[in-house]
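# Chain and residue survey
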Amino acid sequence: MLRAVLFGPDEGRSVDDWQDVRARLREDELLWVDLSESVGEDLEALGAAFELSEESAERLRVHDREPELVEADDRYHLSVLAADWQDGDLELFDLECAFGEGWIVTAHARPVGVLDEFRERAEGGGEFGRLDAPSFVAAMLEWVIAGYLRVYEQMEAELEEADIAAMTGRGDPSAALDRLVALRAANGKLRRALAPHREVFAGLTHPEYDLLSSSESGERFTALVTQLDRALDASRDVREAVRGSFDILIARSGQRTNEIMKVLTLASVLLLPGALLAGVMGMNFKVGLFDHAWLFWVVVAVILATAAVTLTVGRMRRWI
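Attention here is on the structure that accompanies the text.

The side chains of a regular strand alternate between both faces of the sheet. Bridging between strand β1 (residues 2-7) and strand β2 (residues 12-15) involves 4 bridges; their strand directions are antiparallel. Paired with valine 5 across the two strands is serine 14, which belongs to β2. Count of turn residues in the β1/β2 antiparallel hairpin: 4 residues.

As structure tokens, then:
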């Protein structure tokens, strides 16, 4: 599916005849064409309208790339990864972006949530119409990094819920441990996807990209590197939070084990005197003491009294 948005000095609006718009694009206008689920005919039309090189057109067609920045004449091509957190699972989306003076083309194999949110924010916003192409790309990349930060916030919220559940003794410890392992793996995957963007974003701040960029876009790309560092810091925070949650879970499991051992020990203490007394009284010797039937009830009473005294002492000393 292909969608196009034309940004003017005052507003942005969706357009259907994007090829005609491209042909008569003014200096104060900016055209963004977004292609989802690439189709050969659409790619050919994009290549012809924006005079894309074969390499750039191929990059729009082929996804699953590492983050990268490629320059060709006065056009640039970006490969980035966007992230989303869907029903407790991490999803990464490949996003290809080609841009030149007055235009931006993006392509992705699957719908990208953060890109849809950015489009909704951009349409009707006059401030986007006053941006040049590099500044617009920087704003879009800021939204992508904000998506990473949102994922980290959702992971931290889930870890907080896991901590509360562990502290209050709710839930299955084995399932909680499996979930911590999954969150640790997701955080590592997210960091490995995010870290390569540092070179790409840093490259956009270099002077050799001044063919299209301005002082405003340069500042935006510099701020983008700072935002990326914040996201990497958030990754370290989540990693430490996973470790903290694991420590809480282990401590809670140890406490639960101690409580079980306390019950078993108390049961042993309650039964041991009675078992000893019953063992002594049950020895197979002919003693005149055993000729009195009423002594059986005395032994039972002694056993029960010993258990009661043991329970009383345990409560007084706060063992139970």
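Below, the discussion takes up the packing of aromatic side chains. Scanning the model with the defined rule gives 6 aromatic pairs in all. Aromatic side chains phenylalanine 118 and phenylalanine 136 sit 5.3 Å apart centroid to centroid with 70 degrees between the ring planes, which places their arrangement in the edge-to-face category. In this pair, phenylalanine 118 is assigned in helix α4 (residues 113-122) and phenylalanine 136 in helix α6 (residues 133-168), connecting sequence segments 18 residues apart. Here phenylalanine 118 falls in the buried class, since its relative accessible area comes to 1%. Chaining the aromatic ring pairs together yields one cluster made of Phe7, Trp32, Phe118, Phe136 and Trp143.

What follows covers the nonpolar core. Counting 59 residues, the largest nonpolar core has Leu78, Ile104, Tyr148, Met155, Leu190 and Phe201 as its most contacted members. Among the elements that make up this core, the one with the highest residue count is α6 (16 residues). The contacts of isoleucine 104, once residues within four sequence positions are left out, are Leu30, Leu31, Trp32, Val33, Cys97, Ala98, Phe99, Ala133, Phe136 and Val137.

Tracing the chain through its elements places valine 200 in helix α8 (residues 197-204). Assessed through its relative accessible area of 4%, valine 200 is described here as buried. Put simply, valine 200 and leucine 78 are 122 residues apart on the chain and 8.1 Å apart in space, counted from C-alpha to C-alpha. Filtering out sequence-adjacent residues up to four positions away, valine 200 remains in contact with Pro67, Glu68, Leu69 and Leu78.

It is worth spelling out the packing of α4 against α6 at this point. Direction vectors running N to C along α4 and α6 enclose 130 degrees, while the axes themselves pass 9 Å from each other. Considering their axes alone, α4 and α6 lie oblique with respect to each other. The crossing of α4 and α6 is right-handed. Residues Val114, Leu115, Glu117, Phe118 and Arg121 of α4 form the contact with α6, whose own contacting residues are Phe136, Ala139, Met140, Trp143, Val144, Gly147 and Arg150. Counted by class, the contact of α4 with α6 contains 8 nonpolar, 1 polar and 3 charged residues.

Below, the discussion takes up the pairing of strand β6 (residues 89-100). Counting buried residues along β6, 10 of its 12 residues qualify, which places the element largely inside the surrounding structure. Inspection of the sheet shows strand β5 (residues 75-86) paired to β6 by 11 bridges, in the antiparallel sense. Looking across to β6, one finds that serine 79 is bridged to glutamate 96. Linking two consecutive strands that pair antiparallel, namely β5 and β6, is a turn of 2 residues; a positive phi of about 55 degrees is found at aspartate 87 within it. With 5 bridges connecting them, β6 and strand β7 (residues 103-108) associate as antiparallel partners. When the sheet's bridge partners are listed, cysteine 97 is paired in β7 with threonine 106. With antiparallel pairing between neighbouring strands as the criterion, β6 and β7 make up a hairpin whose turn holds 2 residues, including glycine 102 at a positive phi of roughly 90 degrees.

Cut-offs and rules
Residues numbered from 1 in each chain as written. Predicted model: local features only at pLDDT ≥ 70, side-chain atom pairs only at ≥ 80, totals over all residues. Heavy atoms only, no water. Pairing = 2+ DSSP bridges. Helix = DSSP H or I, 4+ residues; strand = E, 2+ residues; numbered from the N terminus. Phe/Tyr/Trp six-rings, centres within 6.5 Å; stacked < 30°, edge-to-face > 60°. Buried < 20%, exposed > 50% of the residue type's maximum accessible area, 1.4 Å probe, protein only. Core = buried A, V, L, I, M, F, W, Y, C linked by side-chain atoms within 4.5 Å. Contact = heavy atoms within 4.5 Å. Axes fitted to C-alpha atoms, helices over the stretch in contact; angles between N-to-C directions. Parallel < 35°, antiparallel > 145°, perpendicular 65-115°, else oblique. Left-handed = near helix turned anticlockwise from the far one by under 90°. Nonpolar A, V, L, I, M, F, W, Y, C, P; charged D, E, K, R; others polar.

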